[in-house]
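Structural overview for review
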Amino acid sequence: MNKTTKRLLALLLAVCMLATVLAACGDNTGSSSEPASSESTPAEESSSQVSSETGEVSSTAEPEGGDANWAPPAPPETDDYNEISEYYYNYNLGEFYEAYQTASAELLDVNKRWALMAIAEAKLLGAAVMMPTQADGGSYAINRMAPSMTTYTWGHDSERRQYALIATEPIKAADRDALKALRAENLGTGNYLAEAKKYLEGAGYTLDDTYRTTFSSLPQSWDMQSSSRTADSYPLVPTIDCLVFYNAEDEEVPALATEWDVSEDGLTWTFKIREGVKWVDSQGREVADLVADDWVAGLQHTCDTQGGLGDLWIGIIKNIEGYLKGDITDFSQVGIAAPDDHTVVFTLEKPVPYFTSMLHYNIALPLSRSYYTSQGGGFGDDYNTEDPSYVYGSDPDHIAYCGPFLISNATDKNSITYVTNPTYWDAANTTVKNIVWGYNDNSEVTKAYNDMKNGDVTGVSLNASTMVLAQEEKVEGSDETWFDAYHYVTSTTPTSFMSFFNVYRSTWADVDNPSDTVSPQTEEDQARTHIAMNNVHFRRALMMACDRKTYMAQTKGDEVAELAIRNSYTPATFTQLTADTTVDINGTATTFPAGTDYGTIVQAQLDADGVTITVYKEDKSADNGVGTGDGFDGYYSAENAMKELELAIAELESAGVTVDESNPIQIDLPNPTYNQTSSNQKNAYKQSVEAALKGYVVVNLTECLDVDQWRSCGYDRDYGYEANYDIYDLSGWGPDYRDPATYLETFLPDYNGYMAKCIGIY
């Protein structure tokens, strides 16, 4: 279908879903049964609310405590899902959006921009529509791959392992420490890989040319430019190169671009394309030359698929928003051009000093135009996946390759295997020649650990169960245990994971299989929960009632339970000011000195707003020697949680919703019972929240019998109305470029924010 039809069908489906929900719930949706005046505000509607017992409108008195003017949501009476989403967005995130717009408008002073972004982040965290849970990393692990073989900072370069050094046996802890020191000595020299290879061979290690990892499901599409889901893109990263690449020393170096420059006004970026690179099919047969026009084709195709990737460049690439929305149909008006076969020119809407850091993600990948059209592909109004001739991306045999690896086999619930691309432009320097992904649905908590011991997996993070095994089992021919000989603590990466609070839930069972993951809530429960989840104090109470150390201990073990805890969405040390910077904090001009971490400013705004969470603290032992936002639980406090709940109870009472031990609010959290450690984690959340909130909240663990059911609750969903939960924790975000906006823009409205759907809207 073409992109216009796809957008219309999605909207019609949303309207149909909404109509079904409204019909089922009647007045129990929590909305006023009287039409709202177009001139009214939520505060003006506080005198007419729905009784949780009768559904009738009743007058209310001012609450004891809380905001006397608080009013529950009263969305417009319309079947337009977009309008309803906009209402709930503004109701819950309006202050964040206003702060974000102020920050994003700052283009010239990068320090002020970052400080304003930190203020916007504080507004997002204070709104409590999500709770950061953990960073990627911060675990005990055992690994055959040397440290820092890839960068874990931007885009997909963390999955580009063609230059990695992998030993046939796990690398001992002492040798890992020596390699880390060696990297520190060689930063900026380009010599780390060579020196690390020399060290490993000198220490008696034999190098392996195969990287081995795991997967739990095949990509939904093998078209890497049609989806922003990690599960859809990571298996394809080895098959295609970017313009630029972050090496093991975290330096941006040429890849498919050999050089680049930017105009004096910062609006035009010109890249010279490497000559002699070939596109090949899965058998290694040449199908086309790589040319500059392939980037034009790639970006147009990315936009045509409406998979969400194009949104990342709204406000960056000239006219891309107009093309995505259908206001512009001539793609030549979009800010990308190929004046000749070896020159790509990007035209921006505003100066973006960090633009090259945005080129490491699948939105900036090339697409062989000739190969794509040979597989039935079209562009613009000719893009039609329903055409029988359209087979591009249907499997690994129907894509073109220009990266270091070709996919030789992909079998669901079995394996994905890769072999060397014989035409790869830098084949002479690659150290990894093969990749094997083995299937693991995580139903057996010890499988990955045993696979690592057997050499079927290159490395593994230890969970609570396998850490015990590693501490007991001896290495063959040694008196040392596997843990003592090989364990190390992985560094946290910029990828942040979080739990989401659904503010506009529209389904209480799986949308595709209604008998799966069914909520035990009655219609009355649903209405009460809906109103509660739209009260910021209630959401903050849930946030502060979660003992994240105990929560993390279920998967990582008690010893390192706190290490991976992350307290902000954007890591607290993601950026540092390079000059003294003054911004307004609630009416007070506040100057932050050069060297100030991003998290310091976030904390200052939270403190000014009276939000009692800690997202940053001074810590001279932290990696940057100044402070950190990781490694401690800055949210959990049963005392603070009850204070927030008491404010919520008073405000909810004004809406006719009584909350006490006899009338608790029901919250659904999907529970992957097929995975014992993950299920233990959900039970830990339930116990913590119910105890801290003294039974005023009941957490229902809705059973997911396999990984497909768990992902179907939210991760695999495209729209907010499909989200089957009140709280959900199977999603995260890694940065695509070097600016805090890479995180914060995921909560933008109007389908421009990828994470907005996780809170039940758009």
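Cut-offs applied
- Residues numbered from 1 in each chain as written.
- Predicted model: local features only at pLDDT ≥ 70, side-chain atom pairs only at ≥ 80, totals over all residues.
- Heavy atoms only, no water.
- Phe/Tyr/Trp six-rings, centres within 6.5 Å; stacked < 30°, edge-to-face > 60°.
- Buried < 20%, exposed > 50% of the residue type's maximum accessible area, 1.4 Å probe, protein only.
- Helix = DSSP H or I, 4+ residues; strand = E, 2+ residues; numbered from the N terminus.
- Pairing = 2+ DSSP bridges.
- Salt bridge = Lys/Arg side-chain N within 4 Å of Asp/Glu carboxyl O.
- Polar contact = N/O pair within 3.5 Å; in protein donor to acceptor, adjacent residues only side chain to side chain.
- Axes fitted to C-alpha atoms, helices over the stretch in contact; angles between N-to-C directions.
- Parallel < 35°, antiparallel > 145°, perpendicular 65-115°, else oblique.
- Contact = heavy atoms within 4.5 Å.
- Lys, Arg positive; Asp, Glu negative; His and termini not counted.
- Left-handed = near helix turned anticlockwise from the far one by under 90°.
- Nonpolar A, V, L, I, M, F, W, Y, C, P; charged D, E, K, R; others polar.
- Core = buried A, V, L, I, M, F, W, Y, C linked by side-chain atoms within 4.5 Å.
- Disulfide = S-S within 2.5 Å.
- pLDDT = per-residue confidence, 0-100.
- Expected span 1.5 Å × (residues − 1).

Topic: the packing of aromatic side chains
Within the structure shown, the criterion is met by 34 aromatic pairs. For the pair tyrosine 383 and tyrosine 390, a centre-to-centre distance of 6.0 Å together with 85° between the ring planes defines the contact as edge-to-face. Residue tyrosine 383 shares its accessibility class with tyrosine 390, and that shared class is buried. Judged by centre distance (5.4 Å) and plane angle (55°), the ring pair of tryptophan 482 and tyrosine 486 falls under tilted. Here tryptophan 482 pairs with tyrosine 486, and both are found in helix α12 (residues 482–486), just 4 residues apart, close to one helical turn.

With respect to the sheet that holds strand β19 (residues 459–461)
Pairing is antiparallel across the open sheet formed by 3 strands, whose spatial order is β19-β4-β20. The strands lining the two open edges of the sheet, one partner per strand, are β19 and β20 (488–489).

Some points on the pattern of salt bridges
Any two side chains of opposite charge can pair, given that their charged atoms come close. This model, assessed by the stated rule, comprises 30 salt bridges. With its nearest N and O atoms 2.8 Å apart, the salt bridge here joins aspartate 609 to lysine 123. Residue aspartate 609 is found in helix α16 (residues 598–609), and its partner lysine 123 is found in helix α3 (residues 110–127); the two are separated by 486 residues along the sequence. Across the pair lysine 686 and glutamate 690 runs a salt bridge whose closest N-O atoms are separated by 2.7 Å. Here the residue lysine 686 and the residue glutamate 690 both occupy positions in helix α18 (residues 676–692), the gap between them amounting to 4 residues, near one helical turn.

What about helix α14 (residues 536–544)?
Judged by how many residues are buried, α14 sits mostly within the fold: 8 of 9 residues are covered. For α14, the full list of buried residues reads His537, Phe538, Arg539, Arg540, Ala541, Leu542, Met543 and Met544. At the N-terminal end of α14, a side-chain oxygen is found 3.0 Å from the backbone nitrogen of histidine 537, two or three residues along, and the residue is asparagine 535.

Regarding the sheet that holds strand β18 (residues 434–439)
With mixed pairing, 4 strands are arranged side by side in an open sheet as β7-β18-β17-β16. Two strands in the sheet have a free side with no partner beyond their single neighbour: β7 (210–215) and β16 (405–411). Ignoring which end each strand starts from, the neighbouring axes of this sheet average 15° apart. Where β7 meets β18, 6 bridges bridge the pair, whose relative direction is parallel. Bridge pairing in β18 links threonine 213 to tryptophan 437.

A closer look at the pairing of strand β21 (residues 496–501)
Of all 6 residues in β21, 5 are buried; the element is thus mostly enclosed. Looking at chain direction, strand β3 (residues 130–135) and β21 are connected through 5 bridges and run antiparallel. Bridge pairing links glutamine 134 to phenylalanine 497 in β21. Relative to strand β29 (residues 732–733), β21 runs antiparallel, the two being bridged by 2 bridges. For serine 496, the partnering residue across the bridge sits in β29 and is tryptophan 733. Note: β21 against strand β28 (residues 727–728), 2 bridges, orientation antiparallel. Residue pairing across strands places phenylalanine 501 opposite isoleucine 727, the latter belonging to β28.

Brief notes about the packing of α3 against α14
Look at α3 against α14: their axes get within 8 Å of each other, and the N-to-C directions meet at 85°. By the criterion of interaxial angle, the relationship of α3 to α14 is roughly perpendicular. Judged by residue contacts, Leu125, Gly126 and Ala127 of α3 engage Val536, Arg539, Arg540 and Met543 from α14.

Concerning the side chain of aspartate 516
By secondary structure assignment, the location of aspartate 516 is in the loop between β21 and α13 (523–533). Summary of buried charges: aspartate 516 has no salt-bridge partner, and the nearest side chain of opposite charge, arginine 717, is 8.3 Å away. In this structure, aspartate 516 is in contact with Ala509, Asp510, Gln709 and Asn724, ignoring residues within four places of it in sequence.

Some thoughts on unusual backbone geometry
Most peptide bonds take the trans form, and the phi angle of most residues other than glycine is negative. Notably, serine 148 is not glycine yet its phi reads approximately 60°, a positive angle. Mapping serine 148 onto the fold places it in the loop between β4 (140–143) and β5 (166–167). Accessibility expressed as a relative area gives 27% for serine 148, which makes it partly exposed. Within the chain, threonine 517 stands out as a residue other than glycine whose phi angle is a positive 50°. Mapped onto the elements, threonine 517 comes out in the loop between β21 and α13. Classification of threonine 517 by relative accessible area gives buried; the value is 5%.

Some points on the packing of α3 against α16
With their axes 8 Å apart at the nearest point, α3 and α16 run at an angle of 50° to one another. The angle between α3 and α16 places the two elements in the oblique class. Viewed along their axes, α3 and α16 form a crossing whose handedness is right-handed. Only Tyr598, Ile601, Val602, Gln605, Leu606 and Asp609 of α16 make contact with α3, whose side of the interface consists of Trp114, Ala115, Met117, Ala118, Ile119, Glu121, Ala122, Lys123, Leu125 and Gly126. Each residue belonging to the contact of α3 with α16 can be placed in one class, and the counts come to 11 nonpolar, 2 polar and 3 charged.

Some points on the nonpolar core
Ranked by internal contacts, the top residues of the largest apolar core, which has 192 residues, are Trp313, Phe346, Phe355, Leu542 and Phe747. Sequence-distant contacts of phenylalanine 355, defined by excluding residues within four places in its chain, comprise Trp269, Phe271, Trp313, Ile316, Ile317, Phe346 and Leu348. The next biggest cluster of nonpolar side chains, apart from the first, holds 15 residues, and it includes Tyr449, Val457, Phe483 and Ala485.

Here's the deal with the state of the cysteines
Per the counting criterion, the structure on display carries 0 disulfides. The thiol sulfur of cysteine 242 is not disulfide-bonded, and the nearest other cysteine sulfur, from cysteine 402, lies at 9.0 Å. Overall, the relative accessible area of 3% leaves cysteine 242 in the buried class. For cysteine 402, a relative accessible area of 2% translates into the label buried.

Digging into the confidence of the model for the protein
Do not read the fine detail of predicted coordinates wherever pLDDT is low. Scored by pLDDT, the protein has a mean of 89; 90% of the residues are at 70 or more. Every residue in residues 1–63 scores below 50 in pLDDT, and together they form 112 contacts with partners more than four places removed in sequence or on other chains.

Some remarks on helix α4 (residues 173–186)
Over its 14 residues, α4 extends 20 Å from the first C-alpha to the last, a length consistent with the 20 Å expected when each residue adds 1.5 Å. Considered for burial, the residues of α4 that qualify are Ala173, Asp175, Arg176, Leu179, Leu182, Arg183 and Asn186. Against the buried residues of α4 lie β4, α5 (192–202), α12 and β20.

Let's talk about the environment of alanine 545
Within the secondary structure, alanine 545 sits in the loop between α14 and α15 (548–556). Residues alanine 545 and alanine 638, 93 residues apart in the sequence, show an inter-C-alpha distance of 5.6 Å. Residue contacts for alanine 545: discarding those within four places in its chain leaves Tyr636, Ala641, Ser688, Val689, Ala692 and Leu693.

Side note on the side chain of aspartate 281
Position of aspartate 281 among the secondary structure elements: in the loop between β12 (278–280) and β13 (286–289). Residues within four places of aspartate 281 in sequence aside, it is in contact with Val287, Ile399, Tyr401 and Leu406.

Quick look at the environment of tyrosine 372
Its location among the elements puts tyrosine 372 in helix α9 (residues 369–374). For tyrosine 372, a relative accessible area of 0% gives the class buried. When the C-alpha atoms of tyrosine 372 and glycine 760 are compared, they prove to be 35 Å apart, with 388 residues separating the residues in sequence. When residues no more than four places from it in sequence are discounted, the contact partners of tyrosine 372 are His301, Leu367, Gly377, Gly378, Phe379, Tyr383, Tyr390 and Tyr392. Polar side-chain contacts of tyrosine 372 include one of 3.2 Å to the side chain of histidine 301.

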